[in-house]
Amino acid sequence: MINVIQKYFPELTEKQLALFDQVEKLYPQWNEKINVVSRKDIDELNVRHVLHSLAIAQYVKFVQGTTVVDVGTGGGFPGIPLAIYYPQCRFHLIDSIGKKIKVVQTIITELGLKNVTAEQVRSEKHTNKYDFVVSRAVTAFPKFVTLTRHLVSSKNKNAVPNGILYLKGGDFEEEIKPFKNKTSVVKLSDYYKEAFFDTKKLIHLTR
Ligand SMILES: C[S@@+](CC[C@H](N)C(=O)[O-])C[C@H]1O[C@@H](n2cnc3c(N)ncnc32)[C@H](O)[C@@H]1O
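Residues numbered from 1 in each chain as written. Predicted model: local features only at pLDDT ≥ 70, side-chain atom pairs only at ≥ 80, totals over all residues.

## Things to note about the sheet that holds strand 7 (residues 200–206)
Counted only if it meets this: Paired strands, in this sense, are two strands between which DSSP finds at least two bridges. Secondary structure elements are taken from DSSP: a helix is a run of H or I of four residues or more, a strand is a run of E of two residues or more, and numbering for both begins at the N terminus. Fitted lines through C-alpha atoms serve as axes, helices being fitted only where they are in contact, and the angles separating the N-to-C directions of these axes extend from 0 to 180 degrees.
Judged by pairing direction, the sheet is mixed, and its seven strands sit side by side in the order 3-2-1-4-5-7-6 without closing on themselves. A strand with exactly one partner marks an edge of an open sheet, and here the two such strands are strand 3 (116–120) and strand 6 (183–187). Here the average twist between neighbouring strands, direction ignored, is 20°. Strand direction decides the pairing type here: strand 6 and strand 7, joined by five bridges, are antiparallel. Bridge pairing in strand 7 links T183 to L205.

Shown next, in the form of structure tokens:
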């Protein structure tokens with residue numbers, strides 16, 4: 001049920017709600033062919049994938065024209081839900097695995113999204129600049145920073161400074177110590193009441 005999305009994002013338009021409805025139908029179909037989302041999570045797609053991705057939209061409302069790269073997008077998270085939420089921003093979804101990018105490209109086409117592109121490339125080899133790097137569950141935070149920091153542009157245009165927005169669960173106190181002065185951490189239980197979010201956090205590392 002997409003009601004859970006509407007509950008937290010009452011501002012969504014009919015068109016956006018229709019797209020989330022389509023997402024809910026498309027992923028189980030694709031997952032049968034290629035396991036892009038863990039099988040136990042597919043029944044909880046709206047909470048565990050869509051709402052989780054949209055936590056970034058709870059943290060910052062991107063201004064029109066903001067550019068975002070989703071590094072290690074896998075099956076399209078957090079990039080696809082964010083691209084639906086922000087039709088006036090541009091999203092580039094990258095992953096090192098070609099078959100994942102093929103599925104993501106098909107999903108983009110089936111949803112008819114015009115503000116998203118997807119590419120098979122490792123972040124270390126990618127050279128474009130973006131206002132934000134978004135990501136979930138790719139690697140330990142210090143390594144992720146090394147792999148992606150060069151992708152963040154210097155010109156800020158949003159209410160929060162450009163940087164990395166990383167969705168992560170568990171205890172990572174030690175991992176973020178080296179970046180202490182440049183990070184803010186938000187508990188997702190501040191945004192959502194579902195138990196799934198009790199251990200989930202968003203790290204914002206400024207450039
Ligand atoms: C655990 S999956 C997470 C997928 C998705 N972000 C999600 O949360 O559902 C991690 C993904 O990161 C990709 N990946 C790891 N290192 C990468 C890099 N340096 N550049 C691009 N993709 C990378 C892997 O191929 C894999 O698809």
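## Digging into the UniProt feature "binding site: S-adenosyl-L-methionine" (unreviewed entry) in the chain
We count it as follows: UniProt positions are given in the numbering used here, feature names are shortened, and annotations may be inferred rather than shown by experiment. Neighbour counting defines burial: a residue surrounded by 20 or more other C-beta atoms within 10 Å of its own C-beta is buried, one with 12 or fewer is exposed, and intermediate counts give partly exposed, using backbone-placed C-beta atoms.
As annotated in UniProt, the feature "binding site: S-adenosyl-L-methionine" (unreviewed entry) corresponds to G72, F77, S123, E124 and R136 in the numbering used here. Structurally, the position occupied by G72 is in the loop between strand 1 (67–71) and helix 4 (79–85). Mapped onto the secondary structure, F77 falls in the loop between strand 1 and helix 4. On the basis of neighbour counts, which here come to 27 C-beta atoms within 10 Å, the residue F77 falls in the buried class.

## Considering helix 5 (residues 98–111)
Heads up, the rule is: One less than the number of residues in a helix, times 1.5 Å, gives the span that helix is expected to have. Note: the arc covers the axis-to-C-beta directions of the helix. Placing C-beta atoms from the backbone, we regard two residues as in contact once those atoms come within 7 Å.
Helix length check: helix 5 (14 residues) gives 20 Å between terminal C-alpha atoms against 20 Å at 1.5 Å per residue, within 8%. Within helix 5, the full set of buried residues consists of K100, I101, V103, V104, I107 and I108. Burial along helix 5 is one-sided: seen end-on, the buried residues are contained in an arc of 160°. Structural note: helix 5 exposes G98, K99 and T109 on the side pointing more than 90 degrees away from its buried face. Looking at the packing, one finds that the buried side of helix 5 touches helix 2 (14–33), helix 4, strand 2 (90–95) and strand 3. Count one or two residues on from helix 5 and you reach G112, which has phi positive near 70°.

## Concerning the nonpolar core
Counted only if it meets this: Structurally, a nonpolar core is described as a collection of buried Ala, Val, Leu, Ile, Met, Phe, Trp, Tyr and Cys residues joined by way of C-beta atoms within 7 Å.
Ranked by internal contacts, the top residues of the largest apolar core, which has 52 residues, are L82 and V133. By residue number, the principal contributor to this core is helix 3 (residues 45–59), which donates six residues. Not counting residues up to four positions away in its chain, the partners in contact with L82 are S53, L54, I56, A57, V68, F91 and V134.

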